[in-house]
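Each chain, written out:
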Amino acid sequence: MTDSHLMGDDHILPFQAEGLDVRGRVVRLGPAIDTILRRHDYPAPVSRALGEATALTLMLGTTLKFDGRFILQTRTDGPVRMLVVDFQAPDRVRACATFDKDAVAEAIAAGKTSTIDLLGQGHLAMTIDQGPEMARYQGIVALEGESLEAAADQYFRQSEQIPTRVRLAVAENYVAGEGQSWRAGGMMIQFLPSSPERMRMADLPPGDAPEGAEVLEQREDDVEDDSWVEAKLLMGTVEDHELTDPNVPAEELLYRLFHERGARVFESSPVVEKCRCSREAVTGMLRNFSQQDRRDMVADDGSIVVTCEFCNTRYAFDKAETEELVNA
């Protein structure tokens, strides 16, 4: 492991395990994720789900080589109907959740509080937005009772054909004199050998084949590369607390996992919690609605009030401003 300044909170650390032909990233979130989750005062299981989604978005979004946006969004039929994380390169992130309060309370009472339980069935969409002059790219993967980790692995398997493993963790830590605070962390590894033939992945299990259907036996050359198998085994030893504990630096974790194979870290990237909303942006949004829609937004006192779903900032337009907006 090369010498480097130890990565603190709210950073993403790229790394390479050269002996295994593996590249990856570690994300450690402290004040940024705590600000996002405390602001909304979500039920704890909802906060954990959004914390996982935020860590995943940052590991993926910070790979962008341009100034654009990476947006992760789930739409599902579970108690948590939607998670949205919006990353603006190079370092700004915001996030929010939409959920059925009663359904979440029922899930908590039944002990079904995992992210899998809360999301249910639906899909996960990942969108890359390079600006108004460039076409958006969107990848979609089904969520069928599986974790965000598994969905991310499947996304890369389907769309990029890159063997990938993701680990996510969220915890609420207690610090003496400071109280409780949310933390989140994650790690992603990808197998990127110089020879494309070595990136072969084992086929998915065929499941219960229909009677009479031909089931092909796995061929010897379909077996995954030994280096990738070893990397996955090492990744499987990572405990949740190692991804969130501020007393376990990311460099220390990477050394534990990969020192025998050679581990190299690169310059870390900071992350800040910052919303993109502004009074000017809200005004522009209102002007995009039809005149009738704007009239329907007017309150009894003649004003319009818009609250940002990401940061809870209220934008109030008095009666004179509202008349101008409605008649524009």
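**Q** Before we go on, may I ask you to explain the overall build of the protein chain in this structure?
**A** Summing up its helical and strand segments, the protein chain has 11 helices and 14 strands in all. Going through the 328 residues of the protein chain one by one, you find that 45% of them count as buried. Taking contacts inside the protein chain between residues at least 6 apart in sequence as the whole, the part at least 24 apart equals 64%.

**Q** How do you make sense of the pattern of salt bridges when you look at a structure like this?
**A** Two side chains with opposite charge may pair up if their charged atoms get near one another. Taken as a whole and assessed by the stated rule, the structure comprises 18 salt bridges. Between R39 and E273 there is a salt bridge; the shortest N-O distance is 3.0 Å. Residue R39 is located in helix α1 (residues 31-40), and its partner E273 is located in strand β12 (residues 272-273); the two are separated by 234 residues in the primary sequence. R39 sits in the partly exposed class, given a relative accessible area of 28%. Salt bridges sharing partners connect three or more residues here, namely R69, D86, R94, D129, R136 and R276.

**Q** What is the right way to look at the layout of surface pockets in this model?
**A** To locate leftover empty space, one rolls a probe as large as a water molecule over the atoms. For the largest pocket, the calculated volume is near 460 Å³. What lines the largest pocket is a set of 21 residues, and nearest its centre among them are R25, L60, T63, M188 and Q190. Contributions of two or more residues to the lining of the largest pocket are made by β1 (11-17), β2 (22-29), α5 (148-160) and β9 (179-191). Of the residues assigned to the lining of the largest pocket, the class counts are 13 nonpolar, four polar and four charged.

**Q** Before we go on, may I ask you to explain the packing of helix α2 (residues 44-61) against α5 in this structure?
**A** Relative placement of two packed helices is described by the angle separating their axes and the distance separating the axes. In contact at an axis separation of 10 Å, α2 and α5 are set at 30° when each is read in the N-to-C sense. Taken together, α2 and α5 sit at an angle that is classed as roughly parallel. Read as a crossing pair, α2 and α5 show a hand that is right-handed. Note on element contacts: α5 touches α2 through L148, A152 and F156, opposite A49, E52, A53, L56 and L60. The class makeup of the residues in the contact of α2 with α5 is seven nonpolar, no polar and one charged.

**Q** Which parts of the structure should I look at to understand α2?
**A** Because an α-helix completes one turn every 3.6 residues, residues spaced three or four positions apart along the sequence face the same direction. Compared with the 26 Å implied by 1.5 Å per residue over 18 residues, the 25 Å span of α2 between its first and last C-alpha is a close match. Among the 18 residues that make up α2, 16 are buried, leaving the element largely enclosed by the rest of the structure.

**Q** How do you make sense of the packing of aromatic side chains when you look at a structure like this?
**A** The description of an aromatic ring pair uses the distance of the two centres, along with the angle that the planes make with each other. This model, assessed by the stated rule, comprises four aromatic pairs. When the ring of Y42 is compared with that of F99, the centres are 5.7 Å apart and the planes differ by 80°; the resulting orientation is edge-to-face. Linking Y42 in the loop between α1 and α2 with F99 in strand β5 (residues 92-99), this pair joins segments that are 57 residues apart in sequence. Classification of F99 as partly exposed rests on a relative accessible area of 25%. Judged by centre distance (5.3 Å) and plane angle (80°), the rings of Y155 and F156 are edge-to-face.

**Q** Explain helix α3 (residues 101-109) here, please?
**A** Two or three places before D102, at the start of α3, stands the capping residue D100, its side-chain oxygen 3.0 Å from that residue's backbone nitrogen. In the stretch just after α3, G111 is the one whose phi turns positive, near 75°.

**Q** I tried to follow the packing of helix α9 (residues 279-288) against helix α11 (residues 319-326) on my own but got confused; where do I start?
**A** In the contact formed by α9 and α11, the axes pass within 10 Å of each other and the chain directions differ by 45°. As judged from the angle between their axes, α9 and α11 are oblique. As α9 runs across α11, the sense of the crossing is right-handed. Packed against α9, whose contacting residues are R279, T283, L286 and R287, the element α11 presents E321, E324 and L325 at the interface. Residue classes in the contact of α9 with α11 are distributed as two nonpolar, one polar and four charged.

**Q** Help me understand the side chain of R69, please; the structure alone is not making it clear to me.
**A** Examined against the element boundaries, R69 turns out to sit in strand β3 (residues 69-76). Here the side chain of R69 touches D86 through a polar contact of 2.8 Å, side chain to side chain.

**Q** Even after reading the chapter, I still don't get the sheet that holds strand β6 (residues 121-129), so can you show me in this structure?
**A** Where strands meet in a sheet, backbone hydrogen bonds hold them as pairs that are either parallel or antiparallel. Strand order in the open sheet formed by six strands is β7-β6-β3-β4-β5-β12, with mixed pairing between adjacent strands. A strand with exactly one partner marks an edge of an open sheet, and here the two such strands are β7 (137-144) and β12. Where β3 lies against strand β4 (residues 80-88), seven bridges are found, and the strand directions are antiparallel. Residue L72 lies in a different strand from β4, and its bridge partner there is V85. Where α5 meets the sheet, its contacts fall on β3, β6 and β7, and the angle it forms with β7 comes to roughly 130°.

What counts as what
- Residues numbered from 1 in each chain as written.
- Predicted model: local features only at pLDDT ≥ 70, side-chain atom pairs only at ≥ 80, totals over all residues.
- Heavy atoms only, no water.
- Helix = DSSP H or I, 4+ residues; strand = E, 2+ residues; numbered from the N terminus.
- Buried < 20%, exposed > 50% of the residue type's maximum accessible area, 1.4 Å probe, protein only.
- Contact = heavy atoms within 4.5 Å.
- Salt bridge = Lys/Arg side-chain N within 4 Å of Asp/Glu carboxyl O.
- 1 Å grid on protein atoms, 1.4 Å probe; cavity = no way out; pocket = protein on both sides within 12 Å on 5 of 7 lines; lining within 4 Å.
- Points joined across faces, edges and corners; volume = space filled by probe spheres on them.
- Nonpolar A, V, L, I, M, F, W, Y, C, P; charged D, E, K, R; others polar.
- Axes fitted to C-alpha atoms, helices over the stretch in contact; angles between N-to-C directions.
- Parallel < 35°, antiparallel > 145°, perpendicular 65-115°, else oblique.
- Left-handed = near helix turned anticlockwise from the far one by under 90°.
- Expected span 1.5 Å × (residues − 1).
- Phe/Tyr/Trp six-rings, centres within 6.5 Å; stacked < 30°, edge-to-face > 60°.
- Polar contact = N/O pair within 3.5 Å; in protein donor to acceptor, adjacent residues only side chain to side chain.
- Pairing = 2+ DSSP bridges.

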